[in-house]
Structures are given as C-alpha cells and as structure tokens.
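# Coordinates in review
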Amino acid sequence: MQDVIDALRHANLDVPTPLDLPEFDDVVEVEEDICVPLHPDFKEFLLTVSDVVCGSLEPATAADPSSHTHLPDVAAYAWSVGLSREMTPLCAYADGFYVVNLEGAVIQWSFDGHEHEEWTSIWEWAREVWLVS
C-alpha cells in the first residue's frame, strides 16, 4: 500500500486549485450521507490520496461537498442508473464506474449493468489503472 501511496504522491500534478485531503470526520459524514459503511481500504484511500490529481481519472473525494467528485453525489448518480447499493462508486469513467464491493475488491461496472475487470483491492486498482490513465 505505501509504495502505491508514494507513487501517487510522486505523480501528483500541480493544479491551480488543489484538492484537500479529508479529515476523519469528513469521511464519517460521507458514510452517514450515503447510509453505507465504507470498506476500510476505501476509507484509507480517501484519507491518504484523495487529494491527488494524476492521469485522466478523477476518483471520488470526501473533503469538498461542492466538488463534482464528492462521494455522496457520485454515489447518488451511480445508484440512480442501476449500480447495486452493495457497491460504492470509486471513480466514474466513460462507460460506467469503478466500484468497491463489500469485500473491498474494485470492479469495473458499465452502464449496461455488466461487470468487467476486477482488482483485489483499491491499491491494486490505483497502481494498475489510475496511475497509468
């Protein structure tokens, strides 16, 4: 996990308006807003690298409720278009979402309801997908 965090930090781009890392209370508030407990790896991801800007993907965030990547808004949309409430969206992509299931695996879910690739953890997904996007 730490090697992925270090790689993401190294790839982080300087942007005019940088993202903020959430406090633990922000993550708890997000869980309360979506009425779903987040997998511990997803919480750690939000607390350690959700301020990183790299590649072409924009993972969900928890610090700024006005952001288009704020997890409650992303989740509301994903669930409204057919994503199971047993999955929490991690990141939108052109044809659907990367989602975290109850076991902490990341699944590529498309708008047609099909599940495609799967990664064993959010950290594996970050290394193999986000960093190279």
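Let me begin by describing the structure that accompanies this report. (Residues numbered from 1 in each chain as written. Predicted model: local features only at pLDDT ≥ 70, side-chain atom pairs only at ≥ 80, totals over all residues. Heavy atoms only, no water.)

## Some thoughts on the pairing of strand β2 (residues 96-100)
Counting buried positions along β2 gives five out of five residues, so the element sits mostly inside the fold. Inspection of the sheet shows strand β1 (residues 88-93) paired to β2 by five bridges, in the antiparallel sense. Following the sheet pairing, Ala 92 is matched in β2 by Phe 97. Bridge analysis of β2 against strand β3 (residues 106-110) gives five bridges, and the strand direction is antiparallel. Counterpart to Val 99 in the pairing with β3 is Ile 107. Turn length for the β2-β3 hairpin, with the two strands adjacent in sequence and antiparallel, is five residues, and the turn residue Gly 104 shows positive phi of about 95°. (Buried < 20%, exposed > 50% of the residue type's maximum accessible area, 1.4 Å probe, protein only. Helix = DSSP H or I, 4+ residues; strand = E, 2+ residues; numbered from the N terminus. Pairing = 2+ DSSP bridges.)

## Concerning the side chain of Thr 61
Locating Thr 61 in the fold gives a position in the loop between α3 (40-49) and α4 (71-80). Those residues in contact with Thr 61 that sit more than four places away from it in its chain are Leu 19, Leu 46, Ser 50, Ser 67, Thr 69, His 70 and Leu 71. (Contact = heavy atoms within 4.5 Å.)

## Quick look at the nonpolar core
Residues Phe 42, Phe 45, Leu 90, Tyr 98, Trp 125 and Trp 130 are the most contacted members of the largest nonpolar core, which totals 41 residues. Put simply, the parts of the chain that give this core at least two residues each are α1 (2-11), α2 (24-34), α3, α4, β1, β2, β3 and α5 (122-130). The element contributing the most residues to this core is α5, with six residues. In contact with Tyr 98, other than residues within four places in its own chain, are Leu 57, Thr 88, Pro 89, Leu 90, Cys 91, Tyr 93, Val 106, Ile 107, Gln 108, Trp 119, Trp 125 and Val 129. (Core = buried A, V, L, I, M, F, W, Y, C linked by side-chain atoms within 4.5 Å.)

## Comments concerning the pairing of strand β4 (residues 115-119)
Here β3 runs beside β4; their pairing, made up of three bridges, is antiparallel. In the sheet register, Val 106 faces β4, and the bridge partner there is Trp 119. Linking β3 back to β4 in an antiparallel pair, the connection comprises four residues, with Gly 113 at a positive phi of about 90°.

## Regarding the packing of aromatic side chains
Tallying each qualifying case throughout the model produces eleven aromatic pairs. Ring geometry for Phe 42 versus Phe 45: centroids 6.4 Å apart, planes at 65°, classification edge-to-face. Of this pair, Phe 42 and Phe 45 both sit in helix α3, separated by three residues, roughly a single helical turn. Side by side, Phe 42 and Phe 45 carry an identical accessibility label, which is buried. Since its relative accessible area comes to 0%, Phe 45 is described here as buried. (Phe/Tyr/Trp six-rings, centres within 6.5 Å; stacked < 30°, edge-to-face > 60°.)

Remember that the coordinates give geometry; whether it matters functionally is a separate question.
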